[in-house]
Amino acid sequence: MRVELDEKEEFPWAIMKDLADSDLFRIFIPEEYEGLGGGCLDLCLVVEELSRVCAGIAVSYAAVSLGVIPLLEYGTEEQKRKYLPDIADGKKLAAFAITEPTAGSDIGAIKTTAERVKEGYIINGTKQFITNGGEAEIYTVIALTDKARGARGASALLVEKDTPGFSFGKKEKKMGIRVSSTRELIFRNCLVPEENLIGREGMGFIITMKLFDQSRPGIGAQAVGLAQGALEAAVGYARQRIQFGHPIISLQAVQHMLADMAIQVEAARALVYAVARTVDSGARNVSEESAMAKVFASDVAMKVTTDAVQIFGGPGYMRDYPIEKMMRDAKITQIYEGTNQVLRNAIAIELRKRKGIRE
Ligand SMILES: Cc1cc2nc3c(=O)[nH]c(=O)nc-3n(C[C@H](O)[C@H](O)[C@H](O)COP(=O)(O)OP(=O)(O)OC[C@H]3O[C@@H](n4cnc5c(N)ncnc54)[C@H](O)[C@@H]3O)c2cc1C
């Protein structure tokens, strides 16, 4: 089924309904808003399990939490009561939008504006590559409320799908996670009421950073799930593929590849869970650890899925098996929510600043 979904590139509404019926959208929402009150680790466990089978389904699910976390952290009671119960029920999906055509890694370069007027804010601009774009009902959008203040002039606003002036651009045709929807968001004189501001004006980047601290372990979990799925498929195939009169799993070259894959998956899982627990502990500065979990696990996913294709040999290269899809899907985990290069920069900056390291 995942192969069929991947080929059709259609948003998996039927599966989203199954996830809703299984109460999985309640996991990351507090009990007072119809949720189950879980934390980062609970979310990671769900994302990992979904990714073991299909990372495209997993990201469609996880992107809802991206749209929601700013609301959980900085939203008013009124905003939470208005939006969270429907999301917990799975009746509405959410999304988060900061990236623009000229502002990817350099999020400080965003140009979308939200001009303050008597009735609220008028948004103008285009967001690019937004997961759940077009499918979600609720969007957390980062826009400049004060262009002169640069990064300090960005704010987070909630925009509902049917707001006049808000439309969608083309759906991207992707290398992997094809079942997920990635679209442009277009704002042309889109008026949102004042009460849709999350937090205060000027907090847009603080909200974004806090969000990524909490969400990056989720990308790590997506990567762990992908790698685990690929490892299991490779072991299964190596057990039954006969060459030179024996299953290829009896060849030491293959055994060592599988062993290395298993070691990497376990190490990535341990790091992701540890960081998720740190996030759940309420620790204040988790940026470095969150980045490490994302970078390490995504590099593992890329390596393990590539090696899994190798173990499958020729059939691994064919679309009849899901293994080439896993390799395609893994690539994105090294790119979104901060590319691995940019996150390595951030980790190195923290190391340079760290006190207590002997000269
Ligand atoms: C499928 C998909 C889904 C996405 N979903 C969302 C979403 O839901 N919401 C959202 O807001 N965004 C989303 N994004 C955007 C994503 O986060 C960005 O694509 C990503 O941050 C990289 O930005 P960019 O594509 O503009 O690459 P660029 O920033 O142009 O980077 C290009 C290359 O240059 C390197 N580079 C850039 N700056 C540096 C530097 N300072 N040091 C070292 N190397 C550097 C990068 O690592 C990369 O290799 C999504 C993207 C994709 C592809």
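Our structure is the block above this text.
Everything numeric in this text was worked out from a predicted model, so none of it was measured. (Residues numbered from 1 in each chain as written. Predicted model: local features only at pLDDT ≥ 70, side-chain atom pairs only at ≥ 80, totals over all residues. Heavy atoms only, no water.)

1. Re the side chain of Asp 329
For the record, the criterion: Helix numbering and strand numbering both begin at the N terminus, where a helix is a DSSP run of H or I of at least 4 residues and a strand a DSSP run of E of at least 2. Three exposure classes are used, based on accessible area relative to the maximum for each residue type with a 1.4 Å probe and protein chains only: buried under 20%, partly exposed in between, and exposed over 50%. Counting of polar contacts relies on pairs of N or O atoms within 3.5 Å, with two restrictions inside protein: one atom must be capable of donating a hydrogen and the other of accepting it, and residues adjacent in sequence are counted only when both atoms are side-chain atoms. The contact criterion used throughout is that any non-hydrogen atoms of two residues lie within 4.5 Å.
For Asp 329, the position within the fold is in helix 9 (residues 323-333). We classify Asp 329 as buried; its relative accessible area is 1%. There is a polar contact of 2.6 Å between the side chain of Asp 329 and the backbone nitrogen of Ile 177. Contacts of Asp 329, omitting those with residues within four sequence positions, involve Ala 55, Gly 56, Gly 176, Ile 177 and Leu 226.

2. Describing the pairing of strand 3 (residues 120-131)
Quick reminder of the rule: Pairs of strands are assigned from DSSP output, requiring at least two bridges between the strands.
A large share of strand 3 lies buried, amounting to nine of its 12 residues. Of the strand pairs in this sheet, strand 2 (residues 113-117) and strand 3 are connected by five bridges, and their pairing is antiparallel. Within the sheet, the bridge partner assigned to Val 117 lies in strand 3 and is Gly 120. Linking two consecutive strands that pair antiparallel, namely strand 2 and strand 3, is a turn of two residues.

3. Quick look at the site of the ligand
Note the cut-off: A molecule or strand has a residue near it when one of that residue's heavy atoms lies within 4 Å. Each accessible area is a Shrake-Rupley result for a 1.4 Å probe, and residues are judged covered by the shown protein chains and nothing else.
Around the ligand, the structure places 20 residues, and the nearest of them are Thr 99, Ser 105, Phe 129, Thr 131 and Thr 339. The contact in question runs from an oxygen atom of the ligand to an N or O atom on the backbone of Ile 98, over 2.9 Å. Here Ser 105 contributes a side-chain N or O atom positioned 2.6 Å from an oxygen atom of the ligand. Contact with the protein chains hides 65% of the accessible area of the ligand, taken as 970 Å² for the molecule alone. At the level of secondary structure, the elements contributing two or more residues to the shell around the ligand comprise strand 1 (94-97), strand 3 and helix 10 (340-353).

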